[in-house]
Amino acid sequence: MGSVNPHEPLVLGIETSCDETGVGIVRGHTLLADAVASSVDEHARFGGVVPEVASRAHLEAMVPMIERACETAGVRPYDVDAIAVTSGPGLAGALLVGVAAAKALAIGLGKPIYGVNHLAAHVAVDQLEHGALPEPCLALLVSGGHSSLLRVEDVTSGVDPLGSTIDDAAGEAFDKVARLLGLPFPGGPYIDRAAREGQVTIDFPRGLTSRRDLERHRFDFSFSGLKTAVARWVETQQRDGGAIDVSDVAASFQEAVCDVLVRKALDAAGDQGIEDVLIGGGVAANSRLRSMATERAESKGIRVRVPRPALCTDNGAMVAALGTELVARGRAPSALDLPADSSQPLTEVVA
Ligand code: KG4
Ligand code: ZN
């Protein structure tokens, strides 16, 4: 961590778009606190996030996380220059809890409020680890709800979508395949772990990579066919009485996902003449994705930046990181009556 410059903006960021209640405090590009409470265990038996359960958990965790973050950072709420909060996209009820808390703080403290885009925050968070973002950069955002390739000129003024998934998100594919293999929810980290014990023995399909698909969907993704292929493979093995080596299936599935993500990200960077690729979102925590992207990019003269795994999954620091950038660049804050927008478009960085 570099030395903290007291003249850089100090922002408290709140994240509640899914099942993590995150409160982060950032000064400039320096992370001061990142308090996260997760309700993931309460959703595990349902095999997916239950919105009402997530909303209630946010309500219970919000004040303790704000207190913990302020204590860790050694900051009083009055000290901050602005409050930033994820206003969308995400689960409507969950977002509402964060937005209401942020409004209460902003009004009570007399500070500006920035309702920010969750996906732009996944990009901005890398500044906490690797410093100012290269401009432009190519971002591969892969999470439970999104898989997108974006051209990012300036993260505070909008991002340009080049492609996205046409069916399941990459994280969703990890979660569904994990379920099929009898691994717990959320599946990504469990597949990652199982794959390290296994070998890539099965050649699963790479979605939207045939010559015909590339004509229409060069920078789009599709993972539902891969998920079905894994399901068929498991069914066939079970019917024939064959053994299923979960580690090998996990490694082979993971290889197929990472291969397509990395291939398309590097292709997009080449196409756009961009030399810096940033990977963000929960799936960016995947160890194979990180190593494969770094290896393949190097041979093409492209630099890859991936934040450490704890900053890839949802947290409040990423919201605060985007917040400090907005303040530093003099962007106008949101109105105090800003809505939570479950489908906030990628082009809208501030609500
Ligand atoms: O960004 P995130 O925390 O929440 C959303 O905005 O969706 O992403 C959560 C997703 C889940 O699908 C989870 O399985 C996946 O990220 N994930 C991983 C890993 N860690 C989390 N996927 C693959 N490998 C991992 N190590
Ligand atoms: Zn996310």
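Residues numbered from 1 in each chain as written. Chains lettered and ligands numbered in written order. Predicted model: local features only at pLDDT ≥ 70, side-chain atom pairs only at ≥ 80, totals over all residues. Heavy atoms only, no water.

## Observations regarding the packing of aromatic side chains
Under the counting rule described, the total for this entry stands at 2 aromatic pairs. Both rings, one in Phe 221 and one in Phe 223, keep their centres 6.0 Å apart while their planes meet at 15°; by these two values the pair is stacked. Comparing Phe 221 with Phe 223, the two get one shared label, buried. The ring of Tyr 190 is capped by Arg 193, whose NZ or CZ atom sits 5.2 Å from the centre of that ring. (Phe/Tyr/Trp six-rings, centres within 6.5 Å; stacked < 30°, edge-to-face > 60°. Buried < 20%, exposed > 50% of the residue type's maximum accessible area, 1.4 Å probe, protein only. Lys NZ or Arg CZ within 6 Å of the ring centre and 35° of its normal.)

## Describing the coordination of the zinc ion (ligand 2)
Reference geometry at the metal: tetrahedral coordination by four donors gives ideal angles of 109.5 degrees; octahedral coordination by six donors gives 90 or 180 degrees. Protein coordination at the zinc ion (ligand 2): the donors are His 118 (NE2), His 122 (NE2) and Asp 314 (OD), at 2.1 to 2.2 Å from the metal. Mapping the donors of the zinc ion (ligand 2) onto the primary sequence gives the spacing H-x3-H-x191-D. Placement of His 122 in helix α4 (residues 118–124) and of Asp 314 in the loop between α12 (309–312) and α13 (316–328) is noted, with a sequence separation of 192 residues between them. Each member of the pair, His 122 together with Asp 314, is buried. (Donors = N, O, S within 2.8 Å, 3.2 Å for Na, K, Ca; no water. Helix = DSSP H or I, 4+ residues; strand = E, 2+ residues; numbered from the N terminus.)

## A closer look at the domain arrangement of the protein
Under the domain assignment used here, the protein contains domain 1 (10–125 + 315–328) and domain 2 (137–307). Between domain 1 and domain 2, the C-alpha centre-to-centre distance is 27 Å. In this assembly, 17 residues from domain 1 lie in contact with 14 residues from domain 2. Approximately 1,200 Å² of surface area, both sides summed, lies buried where domain 1 meets domain 2, with 81% of it carried by carbon and sulfur atoms. Summed over the three residues of domain 1 that lose the most area to domain 2, namely Leu 119, His 122 and Val 123, the buried surface amounts to 43% of that side. Linking domain 1 with domain 2 are 0 salt bridges, by the criterion used here. Counting across the interface, domain 1 meets domain 2 through 0 residue pairs in polar contact (both at pLDDT 80 or more). The set of elements that each furnish at least two residues to the side of domain 1 that touches domain 2 consists of α1 (40–44), α4 and α13. When residues of the side of domain 1 that touches domain 2 are assigned to their parent elements, the largest contribution, 5 residues, is made by α4. Classifying every residue of the side of domain 1 that touches domain 2 by side-chain character gives 12 nonpolar, 4 polar and 1 charged. (Domains from an automatic or database assignment. Contact = heavy atoms within 4.5 Å. Buried area = accessible area lost by both parts, 1.4 Å probe. Salt bridge = Lys/Arg side-chain N within 4 Å of Asp/Glu carboxyl O. Polar contact = N/O pair within 3.5 Å; in protein donor to acceptor, adjacent residues only side chain to side chain. Nonpolar A, V, L, I, M, F, W, Y, C, P; charged D, E, K, R; others polar.)

## Brief notes about the site of ligand 1
Close to ligand 1 lie 19 residues, the nearest being Gly 144, Asp 175, Gly 188, Asp 192 and Gly 282. Asn 286 places a polar side-chain atom, nitrogen or oxygen, 3.0 Å from a nitrogen atom of ligand 1. Relative to its unbound accessible area of 550 Å², ligand 1 is 89% covered by the protein chains. Listing elements by their share of the shell around ligand 1, those giving two or more residues are α4, α6 (170–180) and α7 (187–196). (Near = heavy atom within 4 Å. Areas by Shrake-Rupley, 256 points an atom, 1.4 Å probe, with all protein chains shown as cover.)

## Examining the sheet that holds strand β10 (residues 303–305)
Adjacent strands of a sheet pair through backbone hydrogen bonds, lying either parallel or antiparallel. The sheet built from 5 strands is open, its strands ordered β8-β7-β6-β9-β10 with mixed pairing. On the outer flanks of this sheet lie β8 (158–164) and β10, each paired with one strand and no other. On average, adjacent strands in this sheet sit at an angle of 25° to one another, irrespective of strand direction. Bridging between strand β9 (residues 276–280) and β10 involves 3 bridges; their strand directions are parallel. Paired with Asp 276 across the two strands is Arg 303, which belongs to β10. (Pairing = 2+ DSSP bridges. Axes fitted to C-alpha atoms, helices over the stretch in contact; angles between N-to-C directions.)

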